Amino acid sequence: MSDNLERVLERLDETVDDALARLFAVLKIPSISTDPAFADECRRAADWIADDLNAIGFSARVYPTDGQPMVVAHERAAGPADGKRPHVLFYGHYDVQPPDPLDLWEADPFAPRLADDPVNGRVIVARGAADDKGQFMTFLEACRAWKSITGQLPVDVSVLLEGEEESGSPSLAPFLAAHREELTADLALVCDTGQTAPDTPAITTMLRGLADMEVTIHGPNRDLHSGMFGGPATNPIRVLTEVLAGLHDEHCRVTIPGFYDDVAEISEAQRTQWDALGLDEKEFLSQIGLSHSAAETGRSVLEAIWSRPTAELNGIFGGYTGPGTKTVIPAHATAKLSFRLVANQHPDAILSAFRTWIKGRLPPDCTATFSSRGASPAVSFDLTGAPIAAAREALANEWGTAPVMMGCGGSIPIVESFKSALGMDSLLIGFSLDDDRIHSPNEKYNLTSFTKGTRSWARILDALAREIA
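If you're wondering where the values come from, they're calculated on a predicted model, not measured in any experiment.

Cut-off values and rules
Residues numbered from 1 in each chain as written. Predicted model: local features only at pLDDT ≥ 70, side-chain atom pairs only at ≥ 80, totals over all residues. Heavy atoms only, no water. Disulfide = S-S within 2.5 Å. Buried < 20%, exposed > 50% of the residue type's maximum accessible area, 1.4 Å probe, protein only. Helix = DSSP H or I, 4+ residues; strand = E, 2+ residues; numbered from the N terminus. Arc of directions from axis to C-beta. Polar contact = N/O pair within 3.5 Å; in protein donor to acceptor, adjacent residues only side chain to side chain. Contact = heavy atoms within 4.5 Å. Axes fitted to C-alpha atoms, helices over the stretch in contact; angles between N-to-C directions. Parallel < 35°, antiparallel > 145°, perpendicular 65-115°, else oblique. Left-handed = near helix turned anticlockwise from the far one by under 90°. Nonpolar A, V, L, I, M, F, W, Y, C, P; charged D, E, K, R; others polar. Pairing = 2+ DSSP bridges. Salt bridge = Lys/Arg side-chain N within 4 Å of Asp/Glu carboxyl O. Phe/Tyr/Trp six-rings, centres within 6.5 Å; stacked < 30°, edge-to-face > 60°.

**Looking at the state of the cysteines**
Phase 1: Under the counting rule described, the total for this entry stands at zero disulfides.
Phase 2: Its sulfur unpaired, Cys143 is 12 Å from the next cysteine sulfur, which belongs to Cys191.

Structure (structure tokens):
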């Protein structure tokens, strides 16, 4: 460990109370992006963050958008004589979910506090504590310590904090396109991820993609009286349910032809590490009131969530669904589906194969129409690359154990956007936990997640300076 890094870590330990005060200040701002009534609060949060970044030593400004503003900041030192300094772009979001239902909170969701948790010890409780204010403030505090000790950061750093992540990031794509040159760096750092256990760090190395589809089966030209037409008239609800009942086979595999053609198996090293996490399948399912896995036969829960594709029915409706009885044969019936995809699967090809599969199973007198809001492909990263190697070393030194190379069952579209729009790979590191109650009442962030998170980022910046120079 270099003398500078040791001094930076000491500074972080000495200033925990000040760091918490700053975190509490931004947590007090109800920056709820989904509710127009809180637009002024979102702007107040953006202004607060820009002021804090400027106080650290960044050059920061707030950019207006058609929705909530973006915060962009830069701290770039003169490059070394023998080459260019590495440049990273750190991404996070300052907007939060609505706190409802308020009656389930033990205290005001925007009055942050420290509390004692029987499992996790001291925790920070507030809306946004883990998603995402506590997360991005760990990075800002690491930068503050480096600047206060050495006068500069180990690498050039740009920061992008958006205010619409919780409402679908509608302004993000046009903003990236308009500010491509300003935001492009050697590597993106994304903090909106987590760990598998409170004492074990993690690097997220794969994200599933997402494609959605709505299918409507059309039959008769109007709703029909079931007494007058029941029997000879095709019922679109029956057709839809019969077709979709064949979407999975007896081994819970998707039956769409070609669905698995581009799906690769995980390495034995990954499988061994995931198995070593010791996830208890029955305990995992019991938390949601279930007892038997519906994953593909022979696949573990983690493998199913992190590295296997899925086809899920999200909703189905047709005919009369109001109170009482209305005995009709409906003219049409609709289902909404989502496909979670893995690396090398092409969303457009999967959706096209689904449409073909549906049409090939329709009986006479039925047609199908389809609609989709779009898709985001899966993302995976080279486990042997320099950024991951640097982060692995830094995290292991801080936590005393090697980080888990984990997958993520969900999707983070910004990561794919960084790749496709700006040509950057990403390093996904966060310190939240499954029990942080993100999006729920009494959201929390472990105090150790915050303090060791700041120390981890300090180490990672130092390691990146050496590994990707």
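Still more to cover.
**Side note on helix 14 (residues 413–422)**
Phase 1: For helix 14, the set of buried residues is Ile414, Val415, Phe418 and Leu422. Each buried residue of helix 14 sits inside an arc of 110° when the element is viewed along its axis, so together they form one side.
Phase 2: Immediately downstream of helix 14, the backbone of Gly423 shows phi near 70°, a positive value.

**A few points about the side chain of Ser456**
Phase 1: Tracing the chain through its elements places Ser456 in helix 15 (residues 447–467).
Phase 2: Using a relative accessible area of 0% as the deciding quantity, one classes Ser456 as buried.
Phase 3: Within polar-contact distance, the side chain of Ser456 engages the backbone oxygen of Lys452 at 2.7 Å.
Phase 4: Each residue touching Ser456, except ones within four places of it in the same chain, is listed here: Leu395, Glu398, Trp399 and Phe431.

**Digging into the packing of helix 1 (residues 3–14) against helix 15**
Phase 1: Where helix 1 meets helix 15, the axes come as close as 10 Å, and the angle between the chain directions of the two elements is 160°. The pairing of helix 1 with helix 15 is recorded here as roughly antiparallel in orientation. Between helix 1 and helix 15 lies a crossing of right-handed hand. Side by side, helix 1 and helix 15 meet where Leu5, Val8, Leu9, Leu12 and Asp13 of the first sit next to Thr454, Arg455, Ala458, Arg459 and Asp462 of the second.
Phase 2: Taken together, the residues of the contact of helix 1 with helix 15 break down into five nonpolar, one polar and four charged.

**Considerations on the environment of Val404**
Phase 1: Position of Val404 among the secondary structure elements: in strand 17 (residues 404–408).
Phase 2: Among the residues examined, Val404 registers a relative accessible area of 4% and is labelled buried.
Phase 3: Taking the C-alpha atoms as reference points, Val404 and Trp274, 130 residues apart in sequence, are found 7.9 Å from one another.
Phase 4: Apart from residues lying up to four places away in sequence, Val404 is in contact with Thr196, Thr200, Pro201, Ala202, Ile203, Gln273 and Leu277.

**Remarks on the sheet that holds strand 19 (residues 444–446)**
Phase 1: Across the sheet, three strands lie side by side as 4-5-19; this open sheet has antiparallel pairing. Single-partner strands in this sheet number two, and they are strand 4 (113–117) and strand 19. On average, each strand axis in the sheet is tilted by 40° relative to the strand beside it, whichever way the strands run.
Phase 2: Relative to strand 19, strand 5 (residues 121–125) runs antiparallel, the two being bridged by three bridges. Within the sheet, the bridge partner assigned to Val125 lies in strand 19 and is Lys444.
Phase 3: Strands strand 4 and strand 5 of the sheet are contacted by helix 2 (residues 16–27), whose axis makes an angle of about 35° with strand 5.

**Some details on the pairing of strand 4**
Phase 1: By the bridge criterion, five bridges tie strand 4 to strand 5 in an arrangement that is antiparallel. Within strand 5, the position partnered with Arg113 by the bridge is Val125.
Phase 2: Between strand 4 and strand 5, which pair antiparallel and follow one another directly, the connecting turn spans three residues.

**Looking at the pattern of salt bridges**
Phase 1: Per the counting criterion, the structure on display carries 31 salt bridges.
Phase 2: The shortest N-O distance in the salt bridge between Glu393 and Arg466 comes to 4.0 Å. Taken together, the residues Glu393 in helix 13 (residues 386–399) and Arg466 in helix 15 connect sequence positions 73 residues apart.
Phase 3: Assessed through its relative accessible area of 34%, Glu393 is described here as partly exposed.
Phase 4: Within this structure, Arg253, Glu265, Glu268, Arg271, Glu296, Arg299, Glu303 and Arg308 form a network of salt bridges that share partners.

**Concerning the environment of Glu250**
Phase 1: Tracing the backbone through its elements, the reader meets Glu250 in the loop between helix 8 (236–245) and helix 9 (268–276).
Phase 2: A relative accessible area of 67% means that Glu250 is categorised as exposed.
Phase 3: Spatially, the C-alpha atom of Glu250 lies 8.8 Å from that of Thr297, the residues being 47 residues apart in sequence.

**Focus: the packing of aromatic side chains**
Phase 1: Considering all chains together, one arrives at 13 aromatic pairs under this definition.
Phase 2: Ring centres of Phe339 and Phe354 lie 5.5 Å apart, and the angle between their planes is 65°; this geometry places the pair in the edge-to-face category. On the criterion of sequence distance, the pair formed by Phe339 in strand 13 (residues 332–341) and Phe354 in helix 12 (residues 347–359) is long-range, its members being 15 residues apart. The two residues Phe339 and Phe354 agree in class, both being buried.
Phase 3: Between Trp399 and Phe431 the ring centres are 6.3 Å apart and the planes differ by 10°, which places this aromatic pair in the stacked class. In this pair, Trp399 sits in helix 13 while Phe431 sits in the loop between strand 18 (426–428) and strand 19, placing the two residues 32 residues apart along the sequence.
Phase 4: When its relative accessible area of 1% is taken as the criterion, Phe431 is described as buried.

**Quick word on unusual backbone geometry**
Phase 1: With omega at 0°, the peptide bond leading from Asp100 into Pro101 counts as cis.
Phase 2: Mapped onto the fold, Pro101 is located in the loop between strand 3 (87–93) and strand 4.
Phase 3: Positioned with a positive phi, Asn344 is a non-glycine residue whose angle comes to about 80°.
Phase 4: Mapped onto the elements of the fold, Asn344 is located in the loop between strand 13 and helix 12.

**Observations concerning the side chain of Asp212**
Phase 1: If you trace the backbone, Asp212 turns up in strand 9 (residues 209–218).
Phase 2: A polar contact is formed between the side chain of Asp212 and the backbone nitrogen of Arg373, at a distance of 3.1 Å.
Phase 3: In this structure, Asp212 is in contact with Leu337, Ser338, Leu351, Ser371, Ser372, Arg373 and Gly374, ignoring residues within four places of it in sequence.

Shape descriptors only; they carry no functional weight alone.
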